[in-house]
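# Analysis of the macromolecular model
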Amino acid sequence: MHILSFHTWVIHLSSVLEWLLAMAAVVAWGERKHEPEWRWLALAMVPALASALCACTWHPFDNSIDLHWLVTLQASLTLLGNCCLAAAAWLIARSAKPQLP
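Residues numbered from 1 in each chain as written. Predicted model: local features only at pLDDT ≥ 70, side-chain atom pairs only at ≥ 80, totals over all residues. Heavy atoms only, no water.

### A few points about the overall build of the chain
Here is the rule we go by: Elements are defined by DSSP. Helices are runs of H or I of four residues or more, strands are runs of E of two residues or more, and each kind is numbered from the N terminus. Only protein chains enter the accessibility calculation, which uses a 1.4 Å probe. A residue is then buried if its area is under 20% of the maximum for its type, exposed if over 50%, and partly exposed in between. Throughout, a residue-residue contact means that at least one pair of heavy atoms, one from each residue, lies within 4.5 Å. None of His or the chain ends enter the tally, which takes Lys and Arg as positive and Asp and Glu as negative. Charged side chains are reduced to one point each, which is NZ for Lys, CZ for Arg, CG for Asp and CD for Glu.
Regarding its fold elements, the chain presents four helices and zero strands. For the chain, the C-alpha atoms occupy an extent of roughly 60 × 25 × 20 Å along the three principal directions. For the chain, the proportion of its 101 residues judged to be buried stands at 25%. Here the analysis covers contacts within the chain between residues at least 6 apart in sequence; of these, 63% occur between residues at least 24 apart. When the 5 basic and 6 acidic side-chain charges of the chain are each reduced to a single mean position, those positions are 19 Å apart.

### A few points about the packing of aromatic side chains
Note the threshold: For this analysis, a ring pair means two rings from Phe, Tyr or Trp (six-membered ring only for Trp) whose centres lie within 6.5 Å, classed as stacked if their planes differ by under 30 degrees, edge-to-face if by over 60, and tilted for the remaining angles.
Applying the stated criterion across every chain, the model contains one aromatic pair. Residues Trp29 and Trp38 carry aromatic rings whose centres are separated by 6.4 Å and whose planes lie at 75 degrees to one another, so their mutual orientation is edge-to-face. A relative accessible area of 38% places Trp29 in the partly exposed class.

### Details of the packing of helix H3 (residues 46–58) against helix H4 (residues 69–95)
Put simply, the test is: Interaxial angles span 0 to 180 degrees and are taken between N-to-C directions of axes, which are lines fitted to C-alpha atoms, for helices over the stretch in contact. Any angle between 65 and 115 degrees counts as roughly perpendicular, while under 35 counts as roughly parallel, over 145 as roughly antiparallel, and the rest as oblique. We call a crossing left-handed when the near helix sits turned anticlockwise from the far one by less than a right angle, and right-handed when that turn is clockwise. Side-chain classes are defined by residue name, with Ala, Val, Leu, Ile, Met, Phe, Trp, Tyr, Cys and Pro counting as nonpolar, Asp, Glu, Lys and Arg as charged, and the others, Gly among them, as polar.
Running from amino to carboxyl end, H3 crosses H4 at an angle of 160 degrees, the nearest separation of the two axes being 7 Å. The orientation of H3 relative to H4 falls into the category roughly antiparallel. The handedness of the crossing between H3 and H4 comes out as left-handed. Counting all contacts with H3, which are made through Pro47, Ala48, Ala50, Ser51, Cys54, Ala55, Thr57 and Trp58, the residues of H4 involved are Leu70, Val71, Leu73, Gln74, Leu77, Thr78, Leu80, Gly81 and Cys84. Class assignment of the residues belonging to the contact of H3 with H4 gives a composition of twelve nonpolar, five polar and no charged.

### Notes on the nonpolar core
For the record, the criterion: Definition of nonpolar core: a set of buried residues of the types Ala, Val, Leu, Ile, Met, Phe, Trp, Tyr and Cys, connected through side-chain atoms within 4.5 Å.
Val26, Trp38 and Leu41 are the most contacted members of the largest nonpolar core, which totals 13 residues. Looking at this core, the elements that each hand over two or more residues are helix H1 (6–33), helix H2 (38–44), H3 and H4. Filtering out sequence-adjacent residues up to four positions away, Val26 remains in contact with Trp38, Leu41, Ala42 and Met45.

Here it is as structure tokens:
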């Protein structure tokens, strides 16, 4: 494998920045709605962010086999992040107040 192109780096880095902005938006939404459980969703987004950072770390080293453990770490963080996001979504759904007409 080879080092990523400039355009691919732009996509990788903008995705990480977008995820950070989404985390901030989730917190702001929860504060605006006075629903603190939304903070759990933002916290649950952290493992996915760490997973993305693993990928962004691996590529500058030309996908070195010596750093292959980062791929395993990335996969593990993705699994953990998906489980955390599901749990946070369940918590939000469980705490949702019924809407009155």
